[in-house]
Amino acid sequence: MIIDQEKCIGCGKCRPYCTAGAIVNHPKDKGTGRKAFSEVIRDECVECQVCLRAEVCPTQAIVEEELSYPRILRRAFSDPIYTHEGTDIPGRGTEEMKTNDVTGRFKEGMIGVGLEFGRPGICLRLKETEKALGKLLPLGVQVEPHNPLTQLIADFKTGRLKEEVREEKVLSAIVEMIVPQAKVQEVLAAVKEVAAEVETVFSLDMISKVEADGALPCIREMEKAGLKRSVNGKVNLGLGKPFAG
Amino acid sequence: MTHTLHRRGSREELKNDFVVMSMSAKTVNVKGSGEKMRRMFEILEKHPHVNFGDCKTGSKFQQDWGYIRDRFQDTSVLAYVFNDRAAVEAALRDLKEADLGLSVIVSGVVDEIKDLAREIGLKPHTIEFSGGIHGRTELLPEEPVLEITTMCGHAMVSPELVKDLVAKVRKGKKTLAQAAEELAQPCVCGIFNPKRAEYVLSKLI
């Protein structure tokens, strides 16, 4: 995003809306007489478009620039209205457990593990995800091929991303995995190491299909790993058709 | 997507925060799902709610209900937010009866949702939990601010906006309700709960 300096009056109304701390207000310079103005620090902007959609600028000074690759990835990963070319759905994850009643993606004996880098609201440079991918891919985990981050991996042995995308700043990027239950503790131990190394935050997700007796393997695994489980969560009610079982 | 998973708060507060969502599976039942989602949107409208939306089009605080209803696509992601358990139960009973064949996901306190499902005669299929926030957690804002911002799981609601509106309420420039609605506005998917935001804001004033 760009703030047109010809139009900006430096009112500062846009700044609180910025999700990435990329808008800076400059007061009037009494020495030089330079007027007050706001500017978008381009390398900090994640192209989420919240400032534009807020429609608080009294002079319509906020404009979007035409984005090309790799900068368009900032918008793809940060603006939920923007549809990823790779997933054809908005947002930066995939259907995940939301459609598991019809896709059967998370089967019994398998646990879904997700690391939502940058969430909540801290952002990240995409290269931060290499700290997770580099530890988890060698464990043989299955990363979700339709996830937009997976589509940026250049080397599936090391987790290195394509060179041109590594420095792009985004609101969040998700490492989505399916892990055999027998391997979950090993994966969670690696996740703890990742947590000690990252320069951002990540939110951890754990998914399991409800077993016939109502048990949830992901709860057992979280307790074993000493992870605090949320009281709230997401429940797929099994209404989808054709039912995958 | 896990944009409704990491809503923060105590069990007591989260017991009145439900998000009902639906989407089609791209490789299974996507064709013609837009029309089914439109019907689902009409069904859920009848039950008392505090927000709604489609990630592809916008939310209650950006577009009219009819505008959103008329633009459902096969790859839409529908959401309604409720702050009343009875309303959710009635809504889910209607969805079960309608038997539209689309996946329905309810976000909220899991035990409450499991009880609801049992009462309605539904069997939860898959469940997802949050394992918390890790890494440089010292970068996070204070907890009440997080309770508000995490209601938009895509992080469209900036902590700075929360602080800006708290200052305005303190100065008498806005009411709590006005501030809560302004916080709901950036959440394009319509999963933000403005009633809950109003309550949390009152703790910050």
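Basis of the calculations
- Residues numbered from 1 in each chain as written.
- Chains lettered and ligands numbered in written order.
- Predicted model: local features only at pLDDT ≥ 70, side-chain atom pairs only at ≥ 80, totals over all residues.
- Domains from an automatic or database assignment.
- Helix = DSSP H or I, 4+ residues; strand = E, 2+ residues; numbered from the N terminus.
- Nonpolar A, V, L, I, M, F, W, Y, C, P; charged D, E, K, R; others polar.
- Axes fitted to C-alpha atoms, helices over the stretch in contact; angles between N-to-C directions.
- Left-handed = near helix turned anticlockwise from the far one by under 90°.
- Contact = placed C-beta atoms within 7 Å.
- Buried ≥ 20, exposed ≤ 12 C-beta atoms within 10 Å, placed from the backbone.
- Core = buried A, V, L, I, M, F, W, Y, C linked by C-beta atoms within 7 Å.
- Parallel < 35°, antiparallel > 145°, perpendicular 65-115°, else oblique.
- Expected span 1.5 Å × (residues − 1).
- Arc of directions from axis to C-beta.
- Pairing = 2+ DSSP bridges.

## Focus on the domain arrangement of chain B
Residue and element names in this part refer to chain B. Under the domain assignment, chain B is made up of domain 1 (11-120) and domain 2 (137-204). Between the C-alpha centres of domain 1 and domain 2 there is a distance of 23 Å. Mapped onto the side of domain 1 that touches domain 2, the elements with two or more residues apiece are β2 (51-54), β3 (58-59) and β4 (77-82). Taken together, the residues of the side of domain 1 that touches domain 2 break down into eight nonpolar, six polar and two charged.

## Quick word on the packing of helix α2 (residues 33-45) of chain B against helix α4 (residues 85-98) of chain B
All names here are of chain B. Where α2 contacts α4, the two axes come as close as 9 Å, and the packing angle between them is 145°. Relative to α4, the crossing made by α2 is right-handed. Facing α2, whose interface residues are Arg39, Met40, Ile43 and Leu44, α4 presents Ala91, Asp94, Leu95 and Ala98. Its residues assigned to classes, the contact of α2 with α4 comprises six nonpolar, no polar and two charged.

## Focus: unusual backbone geometry
Trans peptide bonds make up most of the peptide bonds, and negative phi angles are found at most residues other than glycine. Residues and elements named next belong to chain A. Here the residue pair Tyr69 and Pro70 is connected by a cis peptide bond, since its omega of 5° sits within 30 degrees of zero. With respect to the helices, strands and loops of the structure, Pro70 is situated in the loop between β4 (62-63) and α2 (72-78). Pro242 follows Lys241 through a cis peptide bond whose omega is 0°. Structurally, Pro242 is set in the segment after β11 (232-236). For Gln60, which is not glycine, the phi torsion reads 50° and is therefore positive. Looking at the secondary structure, you find Gln60 in the loop between α1 (50-54) and β4. On the basis of neighbour counts, which here come to 10 C-beta atoms within 10 Å, the residue Gln60 falls in the exposed class.

## Overview of the environment of Pro124 of chain B
If you trace the backbone, Pro124 of chain B turns up in the loop between α5 (110-120) and β6 (126-135). Pro124 of chain B sits in the buried class, given 21 other C-beta atoms within 10 Å. Residues Pro124 of chain B and Leu14 of chain B, spaced 110 residues apart in sequence, show a C-alpha to C-alpha distance of 19 Å. Those residues in contact with Pro124 of chain B that sit more than four places away from it in its chain are Val210, Val235, Asn236, Leu237 and Gly238 of chain A together with Lys114 and Ala117 of chain B.

## Some points on the domain arrangement of chain A
All names here are of chain A. In terms of domain boundaries, chain A breaks down into domain 1 (2-63) and domain 2 (90-224). If you look at the interface, domain 1 gives six residues, while domain 2 gives five residues. Residues belonging to the side of domain 1 that touches domain 2 are distributed by class as follows: three nonpolar, one polar and two charged.

## Some remarks on the nonpolar core
Ranked by size, the top nonpolar core spans 128 residues in total, and within it Val20, Ala79 and Leu183 of chain B carry the most contacts. Those residues within four positions of Ala79 of chain B in sequence are excluded, and the remaining contacts are Val19, Met21, Phe52, Gly53, Cys189, Gly190 and Ile191 of chain B.

## Here we look at the packing of helix α8 (residues 176-184) of chain B against helix α9 (residues 194-204) of chain B
Residue and element names in this part refer to chain B. At their nearest, the axes of α8 and α9 sit 8 Å apart, and the two run at 125° to each other. Overall, the two elements α8 and α9 adopt an arrangement that is oblique. Helix-helix and strand crossings are classified by hand; for α8 and α9 the assignment is right-handed. On α9, the residues touching Leu176, Ala177, Ala179, Ala180, Glu181, Leu183 and Ala184 of α8 are Pro194, Ala197, Glu198, Leu201 and Ser202. Along the lines of polarity and charge, the residues of the contact of α8 with α9 split into nine nonpolar, one polar and two charged.

## A few points about helix α5 (residues 184-197) of chain A
Between its first and last C-alpha atoms α5 of chain A spans 20 Å; for 14 residues at 1.5 Å apiece the expected length is 20 Å, and the two agree. Of the residues making up α5 of chain A, those classed as buried are Val184, Val187, Leu188, Val191, Val194 and Ala195 of chain A. Looking straight down α5 of chain A, one finds its buried side chains confined to an arc of 105°; they lie on one side. The outward face of α5 of chain A, more than 90 degrees from its buried face, is lined by the exposed residues Ala189, Lys192, Glu193, Ala196 and Glu197 of chain A. Residues of α5 of chain A that are buried sit in contact with β5 (110-117), α4 (130-136), β9 (173-180), β10 (201-209) and α6 (217-224) of chain A together with β6 of chain B.

## Some remarks on the interface of chain A and chain B
Interfaces are often described in size by the accessible area the parts lose on coming together. Tallying the contact residues gives 67 residues for chain A and 66 residues for chain B. Among the elements of the structure, α1, α3 (100-103), β5, β10, α6 and β11 of chain A are those that each provide at least two residues to the side of chain A that touches chain B. Looking at which element gives the most residues to the side of chain A that touches chain B, the answer is β10 of chain A, with nine residues. Counted by class, the side of chain A that touches chain B contains 33 nonpolar, 18 polar and 16 charged residues. Summarising the sheet, β11 of chain A and strand β5 (residues 103-109) of chain B pair through five bridges and their orientation is antiparallel. Counterpart to Val235 of chain A in the pairing with β5 of chain B is Val106 of chain B.

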